[in-house]
Amino acid sequence: MTTEPRHSTISTNGIRMHIAEMGDGFPVIMLHGWPELWYSWRHQLPALAAAGYRAIAPDMRGYGGTDAPADPREYTMKAVCADIAGLMDTLGLERAVVAGHDWGGAALWQFALRYPDRVAGLIGLNTPYSPPSNARTTEVVRDAFGLTDRTFYMRYFLTEAAEREFEANVRTNLAKTFMPYTRCEDLWTFATVGGDGSGCWTNIAPPDTFLTSAELDVYAEAFERTGIRGGFNWYRAADLNADEVDRPAGLVIDKPALMITAEHDRILRPEMAAGMGQFMPNLSTEMVRNCSHWTQQERPDETNRLMLDFLSSLDL
(Lines give C-alpha, C1' and ligand atoms only; values in the text may rest on other atoms or scores of the structure.)
Protein backbone atom coordinates (compact mmCIF):
# COMPACT_ATOMS: atom_id res chain seq x y z
CA MET A 1 0.00 0.00 0.00
CA THR A 2 1.28 3.45 -0.90
CA THR A 3 2.38 5.65 1.97
CA GLU A 4 1.37 8.91 0.28
CA PRO A 5 -2.19 10.22 -0.22
CA ARG A 6 -3.82 10.25 -3.62
CA HIS A 7 -4.75 13.79 -4.62
CA SER A 8 -7.52 14.82 -7.00
CA THR A 9 -9.88 17.68 -7.74
CA ILE A 10 -13.58 16.96 -8.07
CA SER A 11 -16.68 19.02 -8.87
CA THR A 12 -19.30 19.33 -6.18
CA ASN A 13 -22.14 21.76 -5.51
CA GLY A 14 -20.85 24.30 -8.03
CA ILE A 15 -17.24 24.40 -6.81
CA ARG A 16 -14.01 22.54 -7.43
CA MET A 17 -12.83 20.67 -4.35
CA HIS A 18 -9.40 19.24 -3.69
CA ILE A 19 -9.34 15.93 -1.83
CA ALA A 20 -6.64 13.67 -0.43
CA GLU A 21 -7.37 10.02 0.19
CA MET A 22 -5.73 6.77 1.15
CA GLY A 23 -6.85 3.16 1.26
CA ASP A 24 -9.88 1.23 0.13
CA GLY A 25 -12.90 -0.10 1.94
CA PHE A 26 -15.74 1.65 3.75
CA PRO A 27 -15.33 5.43 3.40
CA VAL A 28 -14.49 7.76 6.27
CA ILE A 29 -14.73 11.44 5.32
CA MET A 30 -12.81 13.85 7.56
CA LEU A 31 -13.71 17.55 7.69
CA HIS A 32 -11.15 20.07 8.93
CA GLY A 33 -11.69 23.39 10.67
CA TRP A 34 -10.03 26.81 10.89
CA PRO A 35 -7.25 27.51 9.91
CA GLU A 36 -6.54 24.04 8.66
CA LEU A 37 -6.37 21.99 5.46
CA TRP A 38 -6.82 18.35 4.47
CA TYR A 39 -3.31 18.15 5.92
CA SER A 40 -4.64 18.34 9.48
CA TRP A 41 -5.71 14.68 8.99
CA ARG A 42 -2.24 13.59 7.79
CA HIS A 43 -1.86 11.23 10.77
CA GLN A 44 -5.31 9.70 10.40
CA LEU A 45 -5.22 9.03 6.65
CA PRO A 46 -2.56 6.28 6.77
CA ALA A 47 -3.84 4.83 10.06
CA LEU A 48 -7.37 4.39 8.73
CA ALA A 49 -6.13 3.12 5.39
CA ALA A 50 -3.96 0.51 7.11
CA ALA A 51 -7.04 -0.64 9.05
CA GLY A 52 -8.98 -1.26 5.84
CA TYR A 53 -10.91 2.00 5.39
CA ARG A 54 -11.01 4.49 2.54
CA ALA A 55 -9.93 7.68 4.30
CA ILE A 56 -10.92 10.89 2.51
CA ALA A 57 -9.91 14.40 3.59
CA PRO A 58 -11.05 17.38 1.52
CA ASP A 59 -9.85 20.94 1.62
CA MET A 60 -13.10 22.49 2.75
CA ARG A 61 -14.75 25.35 0.86
CA GLY A 62 -12.50 28.42 1.15
CA TYR A 63 -9.28 26.52 1.85
CA GLY A 64 -6.20 25.24 0.06
CA GLY A 65 -6.88 23.75 -3.35
CA THR A 66 -10.67 24.12 -3.10
CA ASP A 67 -12.55 27.10 -4.51
CA ALA A 68 -13.06 30.06 -2.18
CA PRO A 69 -16.16 32.06 -3.11
CA ALA A 70 -15.87 35.71 -2.10
CA ASP A 71 -19.43 36.02 -0.76
CA PRO A 72 -19.88 34.90 2.88
CA ARG A 73 -23.43 33.82 2.02
CA GLU A 74 -21.88 30.91 0.16
CA TYR A 75 -20.46 29.46 3.41
CA THR A 76 -23.65 28.64 5.27
CA MET A 77 -24.17 25.19 6.73
CA LYS A 78 -26.61 24.46 3.91
CA ALA A 79 -23.89 25.10 1.33
CA VAL A 80 -21.14 23.29 3.21
CA CYS A 81 -23.26 20.19 3.78
CA ALA A 82 -24.25 20.16 0.11
CA ASP A 83 -20.52 20.16 -0.70
CA ILE A 84 -20.10 16.92 1.26
CA ALA A 85 -23.17 15.31 -0.27
CA GLY A 86 -21.85 16.27 -3.70
CA LEU A 87 -18.44 14.85 -2.87
CA MET A 88 -20.10 11.55 -2.01
CA ASP A 89 -22.13 11.62 -5.21
CA THR A 90 -19.06 12.30 -7.32
CA LEU A 91 -17.11 9.49 -5.68
CA GLY A 92 -20.06 7.12 -5.91
CA LEU A 93 -20.44 6.75 -2.14
CA GLU A 94 -23.88 5.86 -0.84
CA ARG A 95 -22.96 6.17 2.85
CA ALA A 96 -19.92 7.12 4.87
CA VAL A 97 -18.71 7.63 8.39
CA VAL A 98 -18.10 11.36 8.75
CA ALA A 99 -15.62 12.93 11.16
CA GLY A 100 -15.14 16.62 11.83
CA HIS A 101 -12.99 18.97 13.90
CA ASP A 102 -13.66 22.62 14.80
CA TRP A 103 -15.85 24.10 11.99
CA GLY A 104 -15.72 20.67 10.40
CA GLY A 105 -17.31 19.41 13.61
CA ALA A 106 -20.13 21.93 13.31
CA ALA A 107 -20.68 20.81 9.71
CA LEU A 108 -20.58 17.17 10.82
CA TRP A 109 -23.67 17.42 13.03
CA GLN A 110 -25.50 19.53 10.48
CA PHE A 111 -24.76 16.98 7.77
CA ALA A 112 -26.33 14.26 9.90
CA LEU A 113 -29.51 16.34 10.27
CA ARG A 114 -29.71 17.20 6.58
CA TYR A 115 -28.56 13.93 4.98
CA PRO A 116 -29.27 11.21 7.56
CA ASP A 117 -29.47 8.43 4.96
CA ARG A 118 -25.87 9.16 3.89
CA VAL A 119 -24.46 8.76 7.41
CA ALA A 120 -23.24 5.45 8.87
CA GLY A 121 -21.57 6.98 11.90
CA LEU A 122 -20.24 10.27 13.26
CA ILE A 123 -17.01 11.28 14.97
CA GLY A 124 -16.87 14.78 16.43
CA LEU A 125 -13.66 16.33 17.68
CA ASN A 126 -13.90 19.25 20.11
CA THR A 127 -17.04 20.88 18.63
CA PRO A 128 -20.19 19.97 20.58
CA TYR A 129 -23.55 19.52 18.90
CA SER A 130 -25.85 22.55 19.05
CA PRO A 131 -29.44 21.99 17.87
CA PRO A 132 -30.63 24.28 15.06
CA SER A 133 -32.15 27.56 16.22
CA ASN A 134 -32.72 31.14 15.11
CA ALA A 135 -30.02 32.40 17.48
CA ARG A 136 -27.05 34.37 16.13
CA THR A 137 -24.06 32.13 16.68
CA THR A 138 -21.35 34.73 17.17
CA GLU A 139 -23.53 36.65 19.63
CA VAL A 140 -24.66 33.62 21.64
CA VAL A 141 -21.12 32.33 22.09
CA ARG A 142 -19.79 35.80 22.87
CA ASP A 143 -22.42 36.28 25.56
CA ALA A 144 -21.83 32.80 26.97
CA PHE A 145 -18.20 33.71 27.62
CA GLY A 146 -19.13 37.12 29.03
CA LEU A 147 -17.09 38.97 26.43
CA THR A 148 -17.70 41.98 24.18
CA ASP A 149 -17.39 42.44 20.42
CA ARG A 150 -13.96 43.90 21.06
CA THR A 151 -12.73 40.92 23.06
CA PHE A 152 -14.26 37.95 21.24
CA TYR A 153 -12.42 36.47 18.30
CA MET A 154 -15.52 35.35 16.36
CA ARG A 155 -16.72 38.95 16.23
CA TYR A 156 -13.23 40.23 15.42
CA PHE A 157 -13.07 37.80 12.50
CA LEU A 158 -16.01 39.63 10.90
CA THR A 159 -13.70 42.59 10.28
CA GLU A 160 -11.05 43.29 7.64
CA ALA A 161 -8.68 44.18 10.47
CA ALA A 162 -8.49 40.49 11.35
CA GLU A 163 -7.47 39.62 7.80
CA ARG A 164 -4.77 42.28 7.81
CA GLU A 165 -3.38 41.08 11.12
CA PHE A 166 -3.21 37.42 10.08
CA GLU A 167 -1.79 38.08 6.63
CA ALA A 168 0.87 40.49 7.89
CA ASN A 169 2.88 37.51 9.17
CA VAL A 170 1.22 34.28 8.09
CA ARG A 171 3.88 31.82 9.24
CA THR A 172 4.36 33.33 12.69
CA ASN A 173 0.64 33.71 13.31
CA LEU A 174 0.01 30.11 12.31
CA ALA A 175 2.72 29.03 14.73
CA LYS A 176 1.05 31.12 17.44
CA THR A 177 -2.23 29.38 16.64
CA PHE A 178 -1.05 25.76 16.62
CA MET A 179 0.18 25.75 20.22
CA PRO A 180 0.47 22.68 22.49
CA TYR A 181 -1.58 22.14 25.63
CA THR A 182 1.30 23.52 27.72
CA ARG A 183 0.53 26.89 26.14
CA CYS A 184 -3.26 26.54 26.33
CA GLU A 185 -3.67 29.92 28.04
CA ASP A 186 -2.38 31.48 24.84
CA LEU A 187 -5.47 30.04 23.15
CA TRP A 188 -7.55 32.13 25.54
CA THR A 189 -5.41 35.19 24.77
CA PHE A 190 -6.19 34.52 21.11
CA ALA A 191 -9.92 34.01 21.84
CA THR A 192 -10.15 37.31 23.71
CA VAL A 193 -8.39 39.28 20.94
CA GLY A 194 -5.36 39.77 23.14
CA GLY A 195 -7.54 40.52 26.16
CA ASP A 196 -7.67 44.17 25.14
CA GLY A 197 -8.94 44.11 21.56
CA SER A 198 -5.48 44.75 20.12
CA GLY A 199 -5.44 41.60 17.99
CA CYS A 200 -5.63 37.82 18.28
CA TRP A 201 -1.88 37.26 17.95
CA THR A 202 -0.41 40.57 19.18
CA ASN A 203 -0.06 39.60 22.84
CA ILE A 204 1.10 36.01 22.35
CA ALA A 205 4.76 35.44 23.11
CA PRO A 206 7.08 33.78 20.57
CA PRO A 207 5.47 30.50 19.63
CA ASP A 208 6.20 26.98 20.82
CA THR A 209 4.19 25.19 18.13
CA PHE A 210 3.82 21.41 18.12
CA LEU A 211 4.27 21.45 14.34
CA THR A 212 7.62 20.62 12.84
CA SER A 213 9.18 23.26 10.63
CA ALA A 214 8.24 21.23 7.55
CA GLU A 215 4.63 20.84 8.73
CA LEU A 216 4.37 24.56 9.41
CA ASP A 217 5.71 25.19 5.91
CA VAL A 218 2.75 23.30 4.41
CA TYR A 219 0.26 25.54 6.17
CA ALA A 220 2.23 28.75 5.60
CA GLU A 221 2.69 28.14 1.89
CA ALA A 222 -1.03 27.43 1.46
CA PHE A 223 -2.26 30.52 3.30
CA GLU A 224 0.38 32.80 1.81
CA ARG A 225 -1.00 31.75 -1.57
CA THR A 226 -4.74 31.91 -0.82
CA GLY A 227 -5.00 34.43 2.00
CA ILE A 228 -7.36 33.85 4.92
CA ARG A 229 -10.61 35.37 3.64
CA GLY A 230 -12.10 32.00 2.71
CA GLY A 231 -11.48 30.76 6.25
CA PHE A 232 -12.94 33.89 7.82
CA ASN A 233 -16.01 33.62 5.60
CA TRP A 234 -17.13 30.63 7.68
CA TYR A 235 -17.41 33.01 10.64
CA ARG A 236 -19.08 35.68 8.51
CA ALA A 237 -21.70 33.13 7.46
CA ALA A 238 -22.32 31.81 10.97
CA ASP A 239 -25.10 34.23 11.87
CA LEU A 240 -26.71 33.82 8.44
CA ASN A 241 -27.61 30.24 9.32
CA ALA A 242 -30.29 31.62 11.62
CA ASP A 243 -32.09 33.07 8.58
CA GLU A 244 -32.19 29.85 6.57
CA VAL A 245 -35.64 28.99 5.25
CA ASP A 246 -36.68 25.37 5.86
CA ARG A 247 -33.57 24.54 7.85
CA PRO A 248 -33.67 21.15 9.63
CA ALA A 249 -36.57 21.06 12.06
CA GLY A 250 -35.55 17.97 14.00
CA LEU A 251 -33.20 18.11 16.96
CA VAL A 252 -32.31 14.42 17.46
CA ILE A 253 -29.44 12.70 15.67
CA ASP A 254 -30.16 8.99 15.88
CA LYS A 255 -26.86 7.71 14.52
CA PRO A 256 -23.91 5.98 16.22
CA ALA A 257 -21.69 8.84 17.33
CA LEU A 258 -18.42 9.42 19.14
CA MET A 259 -17.61 12.78 20.72
CA ILE A 260 -13.92 13.38 21.46
CA THR A 261 -13.10 16.33 23.71
CA ALA A 262 -9.68 17.72 24.68
CA GLU A 263 -8.80 18.36 28.30
CA HIS A 264 -7.17 21.75 27.78
CA ASP A 265 -9.25 23.23 24.95
CA ARG A 266 -9.97 26.71 26.35
CA ILE A 267 -12.58 27.56 23.71
CA LEU A 268 -14.50 24.35 22.95
CA ARG A 269 -14.30 23.13 26.52
CA PRO A 270 -15.14 19.52 27.43
CA GLU A 271 -18.04 20.54 29.65
CA MET A 272 -19.76 22.11 26.65
CA ALA A 273 -20.44 18.60 25.34
CA ALA A 274 -22.17 17.47 28.54
CA GLY A 275 -25.72 17.93 27.24
CA MET A 276 -25.31 16.21 23.89
CA GLY A 277 -26.71 12.90 25.09
CA GLN A 278 -30.26 14.23 25.31
CA PHE A 279 -30.23 14.75 21.53
CA MET A 280 -28.06 11.78 20.56
CA PRO A 281 -29.24 8.44 21.98
CA ASN A 282 -26.31 6.50 20.48
CA LEU A 283 -23.53 8.79 21.70
CA SER A 284 -20.31 7.79 23.41
CA THR A 285 -17.79 10.32 24.69
CA GLU A 286 -14.05 10.29 25.29
CA MET A 287 -11.60 12.90 26.55
CA VAL A 288 -8.01 13.19 25.34
CA ARG A 289 -5.77 14.27 28.19
CA ASN A 290 -2.83 16.66 27.86
CA CYS A 291 -4.28 18.13 24.69
CA SER A 292 -5.52 21.53 23.59
CA HIS A 293 -7.71 22.40 20.63
CA TRP A 294 -5.81 20.68 17.80
CA THR A 295 -6.65 17.16 18.89
CA GLN A 296 -5.96 15.02 15.82
CA GLN A 297 -2.66 16.82 15.25
CA GLU A 298 -1.38 17.21 18.82
CA ARG A 299 -2.41 13.72 19.97
CA PRO A 300 -2.61 11.66 16.77
CA ASP A 301 -1.97 8.24 18.30
CA GLU A 302 -4.72 8.62 20.90
CA THR A 303 -7.09 10.10 18.32
CA ASN A 304 -6.39 7.25 15.90
CA ARG A 305 -7.03 4.65 18.59
CA LEU A 306 -10.37 6.21 19.56
CA MET A 307 -11.48 6.56 15.96
CA LEU A 308 -10.52 2.99 15.06
CA ASP A 309 -12.15 1.55 18.18
CA PHE A 310 -15.38 3.35 17.30
CA LEU A 311 -15.22 2.31 13.64
CA SER A 312 -14.71 -1.32 14.61
CA SER A 313 -17.92 -1.17 16.67
CA LEU A 314 -20.06 -0.19 13.67
CA ASP A 315 -21.97 -2.57 11.43
CA LEU A 316 -20.60 -1.30 8.12
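An account of the accompanying structure is given in this report.

The rules behind the values
Residues numbered from 1 in each chain as written. Predicted model: local features only at pLDDT ≥ 70, side-chain atom pairs only at ≥ 80, totals over all residues. Heavy atoms only, no water. 1 Å grid on protein atoms, 1.4 Å probe; cavity = no way out; pocket = protein on both sides within 12 Å on 5 of 7 lines; lining within 4 Å. Points joined across faces, edges and corners; volume = space filled by probe spheres on them. Helix = DSSP H or I, 4+ residues; strand = E, 2+ residues; numbered from the N terminus. Nonpolar A, V, L, I, M, F, W, Y, C, P; charged D, E, K, R; others polar. Phe/Tyr/Trp six-rings, centres within 6.5 Å; stacked < 30°, edge-to-face > 60°. Buried < 20%, exposed > 50% of the residue type's maximum accessible area, 1.4 Å probe, protein only. Lys NZ or Arg CZ within 6 Å of the ring centre and 35° of its normal. Salt bridge = Lys/Arg side-chain N within 4 Å of Asp/Glu carboxyl O. Core = buried A, V, L, I, M, F, W, Y, C linked by side-chain atoms within 4.5 Å. Contact = heavy atoms within 4.5 Å. Pairing = 2+ DSSP bridges. Axes fitted to C-alpha atoms, helices over the stretch in contact; angles between N-to-C directions.

Turning our eyes to something else, we now look at the layout of surface pockets. Considered as a void within the structure, the largest pocket measures approximately 1,000 Å³ in volume. Lining the largest pocket are 41 residues, with A106, T127, S130, T137 and V141 positioned closest to its centre. Every element with two or more residues in the lining of the largest pocket is listed here: α3 (103–114), α4 (137–145), α5 (153–156), α8 (184–191) and α10 (229–238). Class assignment of the residues belonging to the lining of the largest pocket gives a composition of 28 nonpolar, eight polar and five charged.

Our next topic: the packing of aromatic side chains. Using the criterion set out here, one finds 31 aromatic pairs in the structure. Ring centres of W109 and Y129 lie 6.3 Å apart, and the angle between their planes is 65°; on these two criteria the pair is classed as edge-to-face. A residue pair is termed long-range when its members are at least 10 positions apart, and W109 in helix α3 and Y129 in the loop between β6 (119–125) and α4 qualify at 20 residues. The exposure class assigned to W109 is buried, which follows from its relative accessible area of 1%. A residue is classified by how much of its surface remains accessible, and Y129, at 6% relative accessible area, is buried. Ring centres 5.4 Å apart and planes at 65° place the aromatic pair F145 and W188 in the edge-to-face group. Within this pair, whereas F145 is found in helix α4, its partner W188 is found in helix α8, the two being separated by 43 residues in sequence. The ring of W188 has R269 sitting right over it, with the charged end atom 4.9 Å from the ring centre.

Time to look at empty space enclosed by the protein. Throughout the structure, instances matching the rule amount to one cavity of 30 Å³ or more. By volume, the largest cavity amounts to about 60 Å³. In this structure, the largest cavity is lined by K176, T177, M179, P180, R183, C184, D186, L187, F190, S292 and W294. Of all elements in the fold, only α7 (170–177) and α8 reach the threshold of two or more residues within the lining of the largest cavity. Among the elements that line the lining of the largest cavity, the one with the most residues is α8, at four residues. Considered class by class, the residues forming the lining of the largest cavity number six nonpolar, two polar and three charged.

With that settled, consider the pattern of salt bridges. For the structure shown, the criterion picks out 22 salt bridges. When the shortest N-O distance is used, the salt bridge between R171 and D217 registers 2.6 Å. Of the two residues, R171 is situated in helix α7 and D217 in helix α9 (residues 213–226); the sequence distance between them amounts to 46 residues. Taken together, the salt bridges that share partners define one network made up of R142, D143, D149, R155 and D239.

Counting residues in each nonpolar core, the largest one holds 104 residues, and the members touching the most others are M30, W34, W109, Y153, F157 and F190. Here this core takes eight residues from helix α2 (residues 77–91), the largest share from any one element. Setting aside its immediate chain neighbours within four residues, M30 contacts W41, Q44, L45, L48, A55, I56, A57, P58, A99 and M307.

Moving on to the sheet that holds strand β5 (residues 96–101). As summarised here, the arrangement of the eight strands in space is β1-β2-β4-β3-β5-β6-β7-β8, forming an open sheet in which the pairing is mixed. Strands with a single pairing partner mark the edges of an open sheet, and in this sheet they are β1 (6–12) and β8 (283–288). Averaged over all pairs of adjacent strands, the angle between strand axes in this sheet comes to 25°, irrespective of strand direction. Relative to β5, strand β3 (residues 26–31) runs parallel, the two sharing four bridges. Its bridge partner lying in β5, V28 is registered against V97. Sheet contacts for α2: β1, β2 (15–22), β3, β4 (53–58) and β5; angle to β1, the most-contacted strand, approximately 115°.

Within the secondary structure, R95 is located in the loop between α2 and β5. For R95 and Q296, which are 201 residues apart along the polypeptide, the C-alpha to C-alpha distance reads 23 Å. Leave out the neighbours within four places in its chain, and R95 touches F26, P27, M88, D117, R118, V119, A120 and D315.

Glancing now at unusual backbone geometry. Backbone torsion omega between W34 and P35 reads -15°, so that peptide bond is classified as cis. Considering the arrangement of structural elements, one finds P35 in the loop between β3 and α1 (44–50). Despite not being glycine, V193 shows a phi value in the positive range, around 55°. Residue classification places V193 among the buried positions, given a relative accessible area of 0%. Even without being glycine, N290 reaches a positive phi, approximately 50°. Of note, N290 is situated in the loop between β8 and α11 (295–298). Its relative accessible area of 35% is what places N290 among the partly exposed residues.

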